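# What the coordinates show
Residues per chain, in single letters:
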Amino acid sequence: MENLPFQRPDHLNASDPWVSLKRFTDARIALGRVGTSVPLQEALALKFAHAQARDAVYSELNLEKLLKELQTFQLPIYQVRSKASNRQEYLRRPDLGRQLHESSHKYLQECADDETDIVIIMADGLSATAINKHAIAIIRFLLPQLQQAGIRVSPLILAEQARVAISDEIGEIFRTKIALILIGERPGLSSPQSLSAYFTYSPRIGLTDKARNCISNIRPEGLQYEEAADKIFYMLNASLRRKISGIQLKDNSNSLNKE
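Attention here is on the structure that accompanies the text. Bear in mind that the values here come from a model prediction, so they are computed numbers and not experimental data. (Residues numbered from 1 in each chain as written. Predicted model: local features only at pLDDT ≥ 70, side-chain atom pairs only at ≥ 80, totals over all residues. Heavy atoms only, no water.)

Okay, the nonpolar core next. Counting residues in hydrophobic clusters, the biggest one holds 43 residues, and the most contacted among them are I118, M122, L180, L182, I218 and I232. Looking at this core, the elements that each hand over two or more residues are α2 (63-70), β2 (118-123), α6 (128-148), β3 (153-160), β4 (178-184), β5 (195-201), β6 (212-218) and α8 (225-242). The biggest single contributor to this core is α6, with 10 residues. Ignoring sequence-local partners within four residues, the contact set of L180 consists of I118, V119, I120, I121, L142, A197, Y198, F199, I232 and L236. Counting residues in hydrophobic clusters, the runner-up holds 18 residues, among them Y78, A123, A159 and A162. (Core = buried A, V, L, I, M, F, W, Y, C linked by side-chain atoms within 4.5 Å. Buried < 20%, exposed > 50% of the residue type's maximum accessible area, 1.4 Å probe, protein only. Helix = DSSP H or I, 4+ residues; strand = E, 2+ residues; numbered from the N terminus. Contact = heavy atoms within 4.5 Å.)

Put into structure tokens, the structure is as follows:
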């Protein structure tokens, strides 16, 4: 076979104007091509990312590790579960993930004592891996700020097979001013372990998403732990002061004219 001069593969072409944008995003841009297809390494990376996302959906809370680490905060810790009996039912029946199992509801009713300002819930959501990796770090930054501001926090709750709205029922049981839930986000092909924080003022069963605020994309590659905790604290403080949340409450934490 005749020796042909070496040609730089298209996917390594530095003159591609998209290449310079890759450092700003995890999105799949400037993948290049080999003939009419994407490069093999990019095709394999996509399959790997898809497998990671699927694994995240079926991941489980590392309860032993989480409970051990949560004990360092010296607050009451309760474990609960939703009405979804397993992961398959959880994925097919979102409504069941929004409701406490009867035994968990009764258990929390027996535990609820004095009124508190904020109850913090950690829920698997659609990526328990996100909770396993990020939740403790967020609480470690957030809790001292809340306590120094005189905001009463109690208890800490681990919820299995849970969705965001389960926080409304938990908050109602504890008669808390705000229910804050840290939950694993729906995994994407570039972020299978991303965490979100939702909070609701005056939580009660029957509220809709318009009553909540959300801080999302919390992970080392996205919104950093300390920055996320600062943003959550700012929003919680504003919510307590103004007695609102959801669409009525805007995030002005980056504004020069903070409330």
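For the rest of this paragraph, the subject is the pattern of salt bridges. Per the stated rule, a full pass over the model turns up 10 salt bridges. Note that E102 and K83 form a salt bridge whose closest N and O atoms lie 3.8 Å from each other. A residue pair is termed long-range when its members are at least 10 positions apart, and E102 in helix α5 (residues 102-111) and K83 in the loop between β1 (77-81) and α3 (87-92) qualify at 19 residues. As a salt-bridge pair, R212 and D168 come within 2.9 Å of each other at their nearest N and O atoms. Of the two residues, R212 sits in strand β6 while D168 sits in helix α7 (residues 166-174), which places them 44 residues apart along the sequence. On the accessibility criterion, D168 (2% relative accessible area) is buried. Salt bridges sharing partners connect three or more residues here, namely D117, R152 and K177. (Salt bridge = Lys/Arg side-chain N within 4 Å of Asp/Glu carboxyl O.)

On to the pairing of β5, then. Of all seven residues that make up β5, six are buried, and the element is covered over most of its length. One ladder, built from seven bridges, connects β4 with β5; its direction is antiparallel. Bridging across to β5, I178 finds its partner in Y201. With five bridges joining them, β5 and β6 adopt antiparallel strand pairing. Paired with A197 across the bridge in β6 is I215. (Pairing = 2+ DSSP bridges.)

With their axes 11 Å apart at the nearest point, α2 and α6 run at an angle of 5° to one another. The orientation of α2 with respect to α6, classified from their angle, is roughly parallel. Where α2 approaches α6, its residues K65, L66, E69 and L70 are matched on the opposing element by I131, N132, I136 and I139. Residues belonging to the contact of α2 with α6 are distributed by class as follows: five nonpolar, one polar and two charged. (Axes fitted to C-alpha atoms, helices over the stretch in contact; angles between N-to-C directions. Parallel < 35°, antiparallel > 145°, perpendicular 65-115°, else oblique. Nonpolar A, V, L, I, M, F, W, Y, C, P; charged D, E, K, R; others polar.)

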